[in-house]
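# Inside the fold
Listed here are the chains, written in short residue letters.
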Amino acid sequence: MAKTKPDRWAAAYAVTLLKDAHEALTHLMPAPDAPSEVWREFYLRSAEVYARVAEVDRGHHHEALYWAKREGAKAEGVESDER
């Protein structure tokens, strides 16, 4: 039986509080010199995490939506190297 590689993002997708999302995503952030594709994927996935948190952590709904939008915009800006 083959071992499956654990999903590094599982903890981030499981969070329910904005502060926990910040914490989880900090540990997933690529190296500063990582390729643009890696940064773009990080920003897109972190935008998903924040959007999900916005629906659960209602006390921080608008702030989580801000972060989701911000990370999405950063993903779009990666091509022009705006990290």
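## Some details on the environment of Y43
Position of Y43 relative to the elements: it lies in helix α3 (residues 36-56). Each C-alpha atom, one on Y43 and one on K74, is 6.4 Å from the other, the two residues being 31 residues apart in sequence.

## A short note on the packing of aromatic side chains
A complete count under the given rule lists seven aromatic pairs for this structure. Ring centres 5.6 Å apart and planes at 80° place the aromatic pair Y66 and W67 in the edge-to-face group. In textbook terms, an aromatic cluster arises when at least three aromatic residues are bridged by ring pairs, as seen for W9, Y13, W39, F42 and Y43.

## Considerations on the side chain of E71
Note on placement: E71 falls in helix α4 (residues 61-77). Apart from the residues lying within four places of it in its own chain, the contact partners of E71 are F42, Y43, S46, A47 and Y50.

## Section: helix α2 (residues 18-28)
For α2, every residue scored as buried is listed here: L18, A21, A24, L25 and L28. For α2, the buried positions fall inside an angular range of 120° around the axis, keeping them on one side. What points out from α2, more than 90 degrees from its buried face, is the exposed set K19, T26 and H27. Where the residues of α2 are buried, they touch α1 (10-14), α3 and α4.

What counts, and at which threshold
Residues numbered from 1 in each chain as written. Predicted model: local features only at pLDDT ≥ 70, side-chain atom pairs only at ≥ 80, totals over all residues. Heavy atoms only, no water. Helix = DSSP H or I, 4+ residues; strand = E, 2+ residues; numbered from the N terminus. Phe/Tyr/Trp six-rings, centres within 6.5 Å; stacked < 30°, edge-to-face > 60°. Contact = heavy atoms within 4.5 Å. Buried < 20%, exposed > 50% of the residue type's maximum accessible area, 1.4 Å probe, protein only. Arc of directions from axis to C-beta.

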